[in-house]
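Understanding the architecture of this molecule
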Amino acid sequence: MMFKVFIDGGEGTTGLRLAQRLKQRKDIELLSISADLRKNLDARLEKIDMADVAFLCLPDAASREVAAAARDCDTKIIDTSTAFRCDPNWAYGFPELGPSYFHAIQESCRISNPGCHATGSIAVLAPLVKAGLIAPDGLYTLTSLTGYSGGGKKMIASYENLHDKELDAPRIYGLNQQHKHLPEILKYAGLEQSPIFLPIVAPYYAGMLVTAGFAMPQDLSLAAVRKLYADFYRDQAFITVVQNEELPKMLGSNTLAGKDSLRIYVCGNEDRFTVSAQFDNLGKGASGAAIENMNIAMGLDPATGLEL
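Residues numbered from 1 in each chain as written. Predicted model: local features only at pLDDT ≥ 70, side-chain atom pairs only at ≥ 80, totals over all residues. Heavy atoms only, no water.

Going by the annotation in an unreviewed UniProt entry, the name recorded for the protein chain is N-acetyl-gamma-glutamyl-phosphate reductase, with Acidaminococcus fermentans given as the source organism. We quote the UniProt Subcellular location (unreviewed entry) comment for the protein chain here in full: "Cytoplasm". Annotation of the protein chain in UniProt includes, under Sequence similarities (unreviewed entry), the sentence "Belongs to the NAGSA dehydrogenase family. Type 2 subfamily." (UniProt positions renumbered as here; feature names shortened; annotations may be inferred.)

What follows is the structure, given as structure tokens:
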């Protein structure tokens, strides 16, 4: 069966990766729009109406405008902005969080794709909160190391076309503790207060490593914590929990660049431990997750056309 797909905002990093993945598939017909009509709302709505699936790779305000204009359209719309991630009328596109998330993606015509930092943060925190090993009202610190591609075209250009000695080293941003991914982290990790969040952009193109640290609960072992994650993500093709005998001596933030999967690492000792989520900010953190959600929504194998 052939599916018609339209990417609104296909010139950005997320849209380009989407197109790259989808062009390789024989079951997808990508609908195109001429350059002079890319900002014409009526022309884009016509393409959305023609499609089985439409991806919105737009700023928040533009996504809201399109979604409102297409409210009576039956096309399955997958939005990659932050506009609808906490909207109860949109399915949150993180199927690994449980059957209810998977079924919502299957049944909904409106799906919001998770943010990259949020994907790693929720993957780390949600299993511990749901198991009752950390308190929902606790204050936790998350460190998220990312490649510069997550900053979009302007940031990519600043790293690749200009020389600034400050760009030669990692930089912390979001210093006001109001990063746009915090609301979805709070909601879907099951927390009652926002974590202290330290996003760091470093001088490499793609890859992400999100880490949080905790005191070891009494009468619990590192192996038991690792098993908890393995049980939580059991039978999930996109998320792998790395076992003790496979742990590397160091964790790289760009190890999974170009892939659409995510790895969980539980490290530490019997007093304290860390949990890290390693993935590509453009893969499971953006375009890969969007295609996974499309596959689920269209009744296909979730991994179709993706690189795990």
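Observations regarding unusual backbone geometry
Of note, the phi angle at Gln 177 is positive, near 55 degrees, even though the residue is not glycine. Structurally, the position occupied by Gln 177 is in the loop between β8 (171-172) and α7 (182-189). Taking the relative accessible area as the measure of exposure, Gln 177 reaches 32% and is therefore partly exposed. (Helix = DSSP H or I, 4+ residues; strand = E, 2+ residues; numbered from the N terminus. Buried < 20%, exposed > 50% of the residue type's maximum accessible area, 1.4 Å probe, protein only.)

Some points on the environment of Leu 222
If you trace the backbone, Leu 222 turns up in helix α8 (residues 222-232). Judged by relative accessible area, Leu 222 falls into the buried class, the value being 10%. Leu 222 sits 48 residues away from Glu 270 along the chain, and the two C-alpha atoms are 6.1 Å apart. The residues contacting Leu 222, other than those within four sequence positions of it, are Met 216, Val 266, Cys 267, Gly 268, Asn 269, Glu 270 and Phe 273. (Contact = heavy atoms within 4.5 Å.)

A short note on the packing of aromatic side chains
In total, this model carries 8 aromatic pairs according to the counting rule given. Between Phe 84 and Trp 90, the aromatic rings sit 4.1 Å apart at their centres with planes inclined by 5 degrees, giving stacked as the arrangement. Accessibility assignment for this pair places Phe 84 and Trp 90 in one class, buried. Among the aromatic side chains, those forming a connected cluster through ring pairs are Tyr 92, Tyr 101 and Tyr 188. (Phe/Tyr/Trp six-rings, centres within 6.5 Å; stacked < 30°, edge-to-face > 60°.)

Some words on the UniProt feature "domain: Semialdehyde dehydrogenase NAD-binding" (unreviewed entry) in the protein chain
Here the UniProt-annotated "domain: Semialdehyde dehydrogenase NAD-binding" (unreviewed entry) positions come out as residues 4-105. Taken as a whole, residues 4-105 contains 36% helix and 19% strand, while its terminal C-alpha atoms sit 18 Å from one another.

A look at the pattern of salt bridges
Considering all chains together, one arrives at 11 salt bridges under this definition. The residue Arg 17 makes a salt bridge to Asp 280 at a minimum N-O spacing of 3.2 Å. In this pair, Arg 17 sits in helix α1 (residues 13-22) while Asp 280 sits in the loop between β13 (272-279) and α9 (283-297), placing the two residues 263 residues apart along the sequence. The exposure classification of Arg 17 matches that of Asp 280, with both residues buried. With its nearest N and O atoms 3.6 Å apart, the salt bridge here joins Arg 21 to Glu 307. Residue Arg 21 is located in helix α1, and its partner Glu 307 is located in the segment after α9; the two are separated by 286 residues in the primary sequence. (Salt bridge = Lys/Arg side-chain N within 4 Å of Asp/Glu carboxyl O.)

A few points about the UniProt feature "active site" (unreviewed entry) in the protein chain
The sites that UniProt annotates as "active site" (unreviewed entry) are Cys 116. You can see Cys 116 is positioned in helix α5 (residues 116-130). Once residues within four sequence positions are removed from consideration, Cys 116 is found in contact with His 181, Met 208, Phe 279, Asn 281 and Gly 285.

Overview of the nonpolar core
Counting residues in hydrophobic clusters, the biggest one holds 41 residues, and the most contacted among them are Phe 214, Tyr 229, Ile 264 and Phe 273. Breaking this core down by element, the ones donating at least two residues are α5, α7, β10 (208-215), α8, β11 (239-241), β12 (262-268) and β13. Ranked by residues supplied to this core, first place goes to α5 with 9 residues. Here this core gathers at least three residues from each of two domains, domain 1 (1-112 + 285-296) and domain 2 (114-277). (Core = buried A, V, L, I, M, F, W, Y, C linked by side-chain atoms within 4.5 Å. Domains from an automatic or database assignment.)

Structural notes on a negative patch on the surface
Among the surface-exposed residues, Asp 42, Glu 46, Asp 49, Asp 72 and Asp 74 lie close enough to one another that they form a single negatively charged patch. By the secondary structure assignment, Asp 49 is in helix α2 (residues 41-50). Owing to a relative accessible area of 54%, Asp 49 belongs among the exposed residues under this scheme. (Patch = residues over 30% accessible without salt bridge, like charges linked within 9 Å, V, L, I, M, F, W, Y side chains within 5 Å. Areas by Shrake-Rupley, 256 points an atom, 1.4 Å probe, with all protein chains shown as cover. Lys, Arg positive; Asp, Glu negative; His and termini not counted. Charge placed at Lys NZ, Arg CZ, Asp CG, Glu CD.)

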